[in-house]
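Observations on the three-dimensional arrangement
Chain residues, written in single-letter form:
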Amino acid sequence: MTLPSLRLKSNSDRRIKAGHLWVFSNEVDTAQTPLTAFEPGQEVQLESATGKPFGLVTMSPTNLICARMHSRDTGTPLNKSLLVHRVQVALSLREKLFDKPFYRLVYGDADLLPGLVVDRFGDYLVVQIATPGMERVRGEIVEALVQVLKPLGVLFKNDSGARKAEDLASYVEAAHGEVPERVALGENGVQFEAPVWSGQKTGWFYDHRMNRARLAPYVKGKRVLDLYSYIGGWGVQAAAFGASDVMCVDSSAPALDLVEHNASLNGVADRMSVVEGDVMDALRELKSAGEKFDVVIADPPAFIKKRKDQRNGEAAYRRLNEQAIRLLNKDGILVSASCSMHLAEDTLRDILLASSRHLDRHLVITERGFQGPDHPLHPAIPETGYIKSLFCRVLPV
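Scope of this entry: the structure provided in the associated data block. What you are looking at is a predicted structure, and each value in this text was computed from that prediction instead of being measured.

For the rest of this paragraph, the subject is the sheet that holds strand β3 (residues 43-47). Strand order in the open sheet made by the 5 strands is β1-β3-β4-β5-β2, with mixed pairing throughout. Of all strands in the sheet, those with a lone pairing partner are β1 (5-7) and β2 (22-24), marking the two edges. Pairwise comparison of adjacent strand axes, ignoring direction, gives a mean angle of 40° for this sheet. As paired elements, strand β4 (residues 53-59) and strand β5 (residues 65-71) share 4 bridges and run antiparallel to each other. Directly across from L56, in β5, lies its bridge partner S71.

This is how it looks when you write it as structure tokens:
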């Protein structure tokens, strides 16, 4: 099969040679291979300025990232055969790492499947597609997953903002078998049910698994506040690890209903309470009421989704962490997390230092957390590493 060519400008191939998988539109020789000649999702051969083939990419011709590479072998197109192989390779890593089938099975670029995410919940798989290239082979994706894993159900949770940027339709639908509204999972010995149809992202956040495991020695016998709790990933585990009292705060009533349900699953409902409302409002009300906690967990949604949000986003992290510190007892623990790709760990550390000094508190970082190994970092693509989690001891001066 002969594929069309996408040719790079002279000296624009260094990143690709160094291992990167993305092609930016300003790197393309549009005189020889105009981007307007390609269809979204079309598979083409990427070439140097002299015509040397680099591999195969799929196109997003109207975007800044106009192509993404899935194979450096020009004889290996994106089809069911390649998908089966990539899924098997991804599965082999996860099965070494985890003794139960609850993890991120496919993590996009890091698993050489750009634009594809698959989360595994035992016999059920939740799939997110973010690029036209993967959308074109959605049928083959399902066939590959069914062949390798034989799941009872596969759900397409294709309603992310990334799809809008690619002019892809938003939809949530079962692609194989039947998928219940809520699916069971286990994490760090704690049981949950996640709302895969209606919840955030795929319904669960496996990325903080290892960081949540770190909670155990900090929370036993302690009073814990879990901010932006969602369905209780941090809070229910804190209670299961022996916290005396856990309060979960979130703006979503359905999410808090699931906090209570998940607490019951683990026999800790009597030690948990929920507060529905805006987190910053709740923090002010708790402060006014004189409430204090031994551990505060602040794991907000991404405050910096794009670079233009940098300044306002950093200010939001500062406000959140400062208010969280105000609620800590004299010798307290702050778990400050971020899923903002554009927020560097050093910047978060500086924000924590400034927040603690403003309140005349002494803060030290006891542990630093990253995303779990089922979210491997592609060393050429720093955007694949986005999770930060800093465990801080906060004391009087």
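A separate point is the state of the cysteines. Tallying each qualifying case throughout the model produces 0 disulfides. C248 carries a free sulfur, and the closest cysteine sulfur to it, the one in C339, is 17 Å from it.

The periodicity of an α-helix, 3.6 residues per turn, causes residues three or four places apart in sequence to face the same way. Those residues of helix α10 (residues 279-288) lying buried are V279, M280, A282, L283 and L286. For α10, the angular spread of buried residues about the axis comes to 160°, placing them on one side. In α10, the exposed residues that point more than 90 degrees away from the buried face are E285 and S288. Close packing links the buried residues of α10 with β13 (223-227), β14 (245-250), β16 (293-298) and α11 (310-326). The N-cap residue of α10 is D278: its side-chain oxygen and the backbone nitrogen of M280 are 3.1 Å apart.

The rules we used
- Residues numbered from 1 in each chain as written.
- Predicted model: local features only at pLDDT ≥ 70, side-chain atom pairs only at ≥ 80, totals over all residues.
- Heavy atoms only, no water.
- Pairing = 2+ DSSP bridges.
- Helix = DSSP H or I, 4+ residues; strand = E, 2+ residues; numbered from the N terminus.
- Axes fitted to C-alpha atoms, helices over the stretch in contact; angles between N-to-C directions.
- Disulfide = S-S within 2.5 Å.
- Buried < 20%, exposed > 50% of the residue type's maximum accessible area, 1.4 Å probe, protein only.
- Arc of directions from axis to C-beta.
- Contact = heavy atoms within 4.5 Å.
- Polar contact = N/O pair within 3.5 Å; in protein donor to acceptor, adjacent residues only side chain to side chain.

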